[in-house]
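Residue-level listing of the chains:
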Amino acid sequence: VDAAVTPQDTLLIAGAGNCNDVCLKTLSQAFSHITLVDPDMGALVAAVARQRIYLGVELVSATIEGFAERELSRRFQVVASTCVLSQLLFGVTAGDALAIDRIDAHIKALLRLTAREILLVSDCAIIDTGAKPPEIDPLRMTTWIATHGRFFSHMRPAELLRSLGRHAEREF
């Protein structure tokens, strides 16, 4: 958790699901309120029960795009989107224009909801080819993976990079 986070700050986690990659205890100590958004309410309920965190956590069964449309006046100091590529593009055929539309809609929804920072957690899996990627700088790594085609076919990190480029003029 960033040292710039204050006790009054709020956090939204898009695509929280089972929260297998999110420690709600640590986050609940840093944020005054956490909103978990995922289409699967059962997964959200199981997540808070498993991690035994109930106070200061709001569960919302929705896509982030639907939530952003419904909650036009809400803003969160930090908005996190976890497993962006594997979740957004699961079941989308390679080369499908739907991939671009999904990523764009997702980024726009995050921008509508944030008051300060957006954290995208992307899960670009590298196919081992013996080629060595650049040092661990997320943007350079994602660019290298996309350029060299070293990713699972449904993940298409280049689409994420293009969408981010289209929305880069927004300051946080």
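Refer to the structure printed above.
Residues numbered from 1 in each chain as written. Predicted model: local features only at pLDDT ≥ 70, side-chain atom pairs only at ≥ 80, totals over all residues. Heavy atoms only, no water.

## As for the overall build of the protein
Helix and strand content of the protein: 7 helices and 5 strands. Taken from the N to the C terminus, the helices and strands of the protein come in the order β-α-β-α-β-α-β-α-α-β-α-α. In the protein, buried positions account for 40% of the 172 residues. The contacts of the protein with a sequence gap of at least 6 include a subset with a gap of at least 24, amounting to 65%. Of the accessible surface of the protein, which amounts to about 9300 Å², a share of 57% is contributed by carbon and sulfur atoms. (Helix = DSSP H or I, 4+ residues; strand = E, 2+ residues; numbered from the N terminus. Buried < 20%, exposed > 50% of the residue type's maximum accessible area, 1.4 Å probe, protein only. Contact = heavy atoms within 4.5 Å. Areas by Shrake-Rupley, 256 points an atom, 1.4 Å probe, with all protein chains shown as cover.)

## Some words on the pairing of strand β3 (residues 57-61)
For strand β2 (residues 33-38) and β3, the ladder comprises 5 bridges, and the chain directions are parallel. From the neighbouring strand, leucine 36 faces β3, where its bridge partner is leucine 59. Assessed by its sense of winding, the connection that carries the chain from β2 through helix α2 (residues 41-51) to β3 is right-handed. (Pairing = 2+ DSSP bridges. Right-handed = clockwise from strand over helix to strand, strands pointing away.)

## Describing the nonpolar core
Among the nonpolar cores identified, the biggest contains 19 residues, and Leu11, Ile13, Phe31 and Leu36 are the most heavily contacted of them. The set of elements that each furnish at least two residues to this core consists of β1 (10-14), α1 (24-30), β2, α2 and β4 (76-82). Excluding residues within four positions of it along the chain, isoleucine 13 makes contact with Val22, Leu27, Thr35, Leu36, Val37, Ala80 and Thr82. Of all hydrophobic cores here, the second largest spans 13 residues; its members include Leu12, Val60, Ala62 and Phe67. (Core = buried A, V, L, I, M, F, W, Y, C linked by side-chain atoms within 4.5 Å.)

## Looking at the pattern of salt bridges
Enumeration over the complete set of coordinates arrives at 2 salt bridges. Note that arginine 74 is salt-bridged to glutamate 58, the shortest N-O span being 2.9 Å. Placement of arginine 74 in the loop between α3 (64-70) and β4 and of glutamate 58 in strand β3 is noted, with a sequence separation of 16 residues between them. A salt bridge links glutamate 69 to arginine 112, with the shortest nitrogen-to-oxygen separation between them at 3.3 Å. (Salt bridge = Lys/Arg side-chain N within 4 Å of Asp/Glu carboxyl O.)

## What to know about the packing of aromatic side chains
Under the definition given, this model contains 1 aromatic pair. Ring geometry for phenylalanine 67 against phenylalanine 76: centres 6.3 Å apart, planes inclined by 40 degrees, an arrangement best described as tilted. Taken individually, phenylalanine 67 and phenylalanine 76 each receive the classification buried, so the pair is uniform in this respect. (Phe/Tyr/Trp six-rings, centres within 6.5 Å; stacked < 30°, edge-to-face > 60°.)

## Looking at the pairing of β2
The side chains of a regular strand alternate between the sheet's two faces. Taken across its 6 residues, β2 has 5 buried, putting it largely inside the fold. Both β1 and β2 contribute to a ladder of 5 bridges, which runs parallel. Paired with alanine 14 across the strands is valine 37, a residue of β2.

## Description of unusual backbone geometry
The phi torsion of most residues other than glycine is negative, and most of the peptide bonds are trans. One non-glycine residue, cysteine 19, lies in the positive phi region at around 55 degrees. Tracing the backbone shows cysteine 19 in the loop between β1 and α1. Residue class for cysteine 19 comes out buried when judged on its relative accessible area of 1%. For arginine 52, which is not a glycine, the phi torsion comes out positive at approximately 55 degrees. By the element assignment, arginine 52 lies in the loop between α2 and β3.

## Points about the side chain of threonine 35
With respect to the secondary-structure elements, threonine 35 resides in strand β2. Among the polar contacts made by the side chain of threonine 35, one reaches the side chain of histidine 33 at a distance of 3.3 Å. (Polar contact = N/O pair within 3.5 Å; in protein donor to acceptor, adjacent residues only side chain to side chain.)

Worth remembering: the numbers are spatial, not functional.
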